[in-house]
Amino acid sequence: MMAIALSLIVIVPVAVAQDASSPDGQATELQETVSTETVAAAETVAPSGVTEGAVVDSEIDPAHNAWMLTCCALVLFMTAPGLAMFYGGLVRRKNVLSVLMQCIFLMGLMTVIWAIYGYSLAFGGSGGWIGNTEYVMMNGVQREWDPSIGENGAAVTPMEGDIPRLVHMLFQGMFFIITPALICGAFAERMKFSAMVVFSILWGTLIYCPLCHWVWDSGPLSYGEGSIMGGALDFAGGTVVHISSGASALVAALLLGPRMGYLKEPLQPHNLTYTVLGAAMLWVGWFGFNAGSELLSDGITSSAFAVTHFSAAAGALAWALTEWVVLKKPTALGASSGAVAGLVCITPAAGFVQPMPALFMGACAGVICFLACSKIKHALKYDDALDAFGVHGVGGIIGAVLTGVFATRACWDVTEEGIAIGLLESGDPSLVIGQIVAVVITFVFAVVGSFILLKLIDFTIGLRVPSVQEQRGLDQSDHGEEGYMFA
């Protein structure tokens, strides 16, 4: 049933887009009924109260729109059931519902925040350190009535590039959902649900939104002149999503301290079946995450889709083979974690690198993230319960730096002048330096910001559940439920 549902999610919008774009498609007939005067009126400067650049429905490219709506669904699918099952299987049985609840609750909470003010803070205005209020309460995003079109006016859609701004808002909103959900893996099985809610609200507002604006809305970390050290390339969220969440996860793990019994008794995952299936769902959803970040359906989209798959495959193999050498047995958990590490690593580079470098990047992530999650974590004795930092933080850093090495104008001519950009292609280390600077700024900002927020929350309502409740399990203590009922 899951496979059928996934097929419908992907195939139906594409089929609609193909039909709409064909000479015999219904959309073409509708376009022919729109008078040239109506189109001209839509393209003129909008009257007071109507967003400039808004267009009538016939002006919207149905193929791009269908692809991006599909990507919105795929990225939401990554949070639940993908991440929910991946994380849910890794905790003990008494805490499985607490993880699922965190994911499903954040899907609701972060969406509301994004709709009210988050999207405006992230993408309002252009440049600077934070957005403005132009999109608050979906102003300038939702469909509007333009009285200047035709006899009585017509509904128009504000555009963001070649897609409706509503679609851009939804797509970016799915990132806003999954990023704090990733952090939950570090403090699983021991943070108060109320503390998680407050932290997610503050973190999304004060850390994610500024970072998103810096990188993707012509801010100081965006690539180009006027940015810090020339800025950095981040196609789909290496800095904005993975390094920020990984760094914050590390701070949370350190401040909360280890789980009861950590390094003293076995804290084994209760259901690796969930974890493997969750990893597979993340793999599928990541095509929307990375390829969708082109915000179009074109050649760069195809390239980003391919390198995403290649890096995930190489990561799964590299982690499992490393385990085979070190531990003498390859594990399903290792292959699943390696696939996710490969996906994380390729995220910032997806639109800029070729398939063969993507294999190398995924393999690097598989090996290095394995070492971070086993050797380094155990040596330093911090309890990152579900390896949010070891996979997302470390994998994101590897990917961001290697983007500067392998980026090529053949994938995306970002300078629009045919100038070589990556280290291997140009011999110029400036892009690598810019990538490293962006990594450091992102890491420091997320660490300092998260430390302050967590300390404030601890001082006011407390971060950690009492030891009795932790021993009993968060499913019952926080939610009054049990994941499994046995007769």
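None of the values given here were measured: they were computed from a predicted structure. (Residues numbered from 1 in each chain as written. Predicted model: local features only at pLDDT ≥ 70, side-chain atom pairs only at ≥ 80, totals over all residues. Heavy atoms only, no water.)

1. Thoughts on the overall build of the chain
Along its length, the chain carries 17 helices and 4 strands. Split into buried and exposed, the 487 residues of the chain put 55% on the buried side. Total accessible area on the chain is roughly 20,100 Å²; 65% of this is exposed by carbon and sulfur atoms. (Helix = DSSP H or I, 4+ residues; strand = E, 2+ residues; numbered from the N terminus. Buried < 20%, exposed > 50% of the residue type's maximum accessible area, 1.4 Å probe, protein only. Areas by Shrake-Rupley, 256 points an atom, 1.4 Å probe, with all protein chains shown as cover.)

2. A closer look at the pattern of salt bridges
Overall, the coordinates contain 8 salt bridges when judged by the stated rule. Across the pair Arg92 and Glu189 runs a salt bridge whose closest N-O atoms are separated by 3.2 Å. Taken together, the positions of Arg92 in the loop between helix 4 (62-90) and helix 5 (96-123) and Glu189 in the loop between helix 6 (165-183) and helix 7 (193-216) put the pair 97 residues apart, joining distant regions of the chain. Both residues of the pair, Arg92 and Glu189, belong to the buried class. One salt bridge connects Asp383 with Arg259, and the closest N-O pair in it is separated by 2.8 Å. In this pair, Asp383 sits in the loop between helix 12 (355-380) and helix 13 (388-406) while Arg259 sits in the loop between helix 8 (238-256) and helix 9 (272-291), placing the two residues 124 residues apart along the sequence. By the burial criterion, Asp383 is buried, and Arg259 matches it. Sharing partners across several salt bridges, the network here consists of Arg92, Glu189, Arg259 and Asp383. (Salt bridge = Lys/Arg side-chain N within 4 Å of Asp/Glu carboxyl O.)

3. Comments concerning the confidence of the model for the chain
For the chain, per-residue confidence averages 90 on the pLDDT scale, and 90% of positions sit at 70 or higher. Throughout residues 1-45 the model reports pLDDT below 50, and contacts reaching past four residues in sequence, or to other chains, amount to 34 contacts. (pLDDT = per-residue confidence, 0-100. Contact = heavy atoms within 4.5 Å.)

4. A look at the packing of helix 4 against helix 9
One can describe the packing of helix 4 onto helix 9 by two numbers: an axis separation of 7 Å at closest approach and a directional angle of 155 degrees. Looking at the two axes, helix 4 sits roughly antiparallel to helix 9. In terms of crossing hand, the pair formed by helix 4 and helix 9 is left-handed. Across the contact of helix 4 with helix 9, the residue classes break down as 21 nonpolar, 6 polar and no charged. (Axes fitted to C-alpha atoms, helices over the stretch in contact; angles between N-to-C directions. Parallel < 35°, antiparallel > 145°, perpendicular 65-115°, else oblique. Left-handed = near helix turned anticlockwise from the far one by under 90°. Nonpolar A, V, L, I, M, F, W, Y, C, P; charged D, E, K, R; others polar.)

5. Side note on a nonpolar patch on the surface
Taken together, Leu255, Ile436, Val440, Val444, Val448, Phe451, Ile452 and Leu456 make up a surface patch of nonpolar side chains, about 650 Å² in accessible area. Among the elements that make up the nonpolar patch, the one with the highest residue count is helix 15 (residues 430-460) (7 residues). Examined against the element boundaries, Ile452 turns out to sit in helix 15. Given a relative accessible area of 46%, Ile452 falls into the partly exposed group. (Patch = residues over 30% accessible without salt bridge, like charges linked within 9 Å, V, L, I, M, F, W, Y side chains within 5 Å.)

6. With respect to the nonpolar core
If you look at the biggest cluster of nonpolar residues, it comprises 119 residues, and the most contacted ones within it are Trp114, Tyr208 and Phe289. When residues no more than four places from it in sequence are discounted, the contact partners of Trp114 are Tyr119, Ala122, Phe123, Met138, Met169, Gln172, Gly173, Phe176, Tyr208 and Cys209. Residues Val50, Ala54, Ile149 and Ala154 belong to the second largest nonpolar core, which totals 6 residues. (Core = buried A, V, L, I, M, F, W, Y, C linked by side-chain atoms within 4.5 Å.)

7. Comments concerning the state of the cysteines
Going through the model one piece at a time under the given rule, you end up with 0 disulfides. Between Cys369, a free cysteine, and Cys373, which holds the nearest cysteine sulfur, the sulfur-to-sulfur gap is 6.1 Å. Take Cys369: its relative accessible area is 0%, and that puts it in the buried class. With relative accessibility at 7%, the residue Cys373 sits in the buried group. (Disulfide = S-S within 2.5 Å.)

8. Some details on unusual backbone geometry
A cis amide bond, omega 15 degrees, links Ala80 with the succeeding residue Pro81. Residue position: Pro81 is located in helix 4. Although it is not a glycine, Leu295 sits at a positive phi angle of roughly 65 degrees. You can see Leu295 is positioned in the loop between helix 9 and helix 10 (299-326). For Asp387, which is not glycine, the phi torsion reads 60 degrees and is therefore positive. For Asp387, the location among the structural elements is in the loop between helix 12 and helix 13.

9. Some remarks on the packing of aromatic side chains
Following the criterion strictly, the structure yields 22 aromatic pairs and no others. Ring centres of Phe235 and Phe352 lie 5.6 Å apart, and the angle between their planes is 85 degrees; this geometry places the pair in the edge-to-face category. Placement of Phe235 in the loop between helix 7 and helix 8 and of Phe352 in the loop between helix 11 (332-346) and helix 12 is noted, with a sequence separation of 117 residues between them. Since its relative accessible area comes to 6%, Phe235 is described here as buried. (Phe/Tyr/Trp six-rings, centres within 6.5 Å; stacked < 30°, edge-to-face > 60°.)

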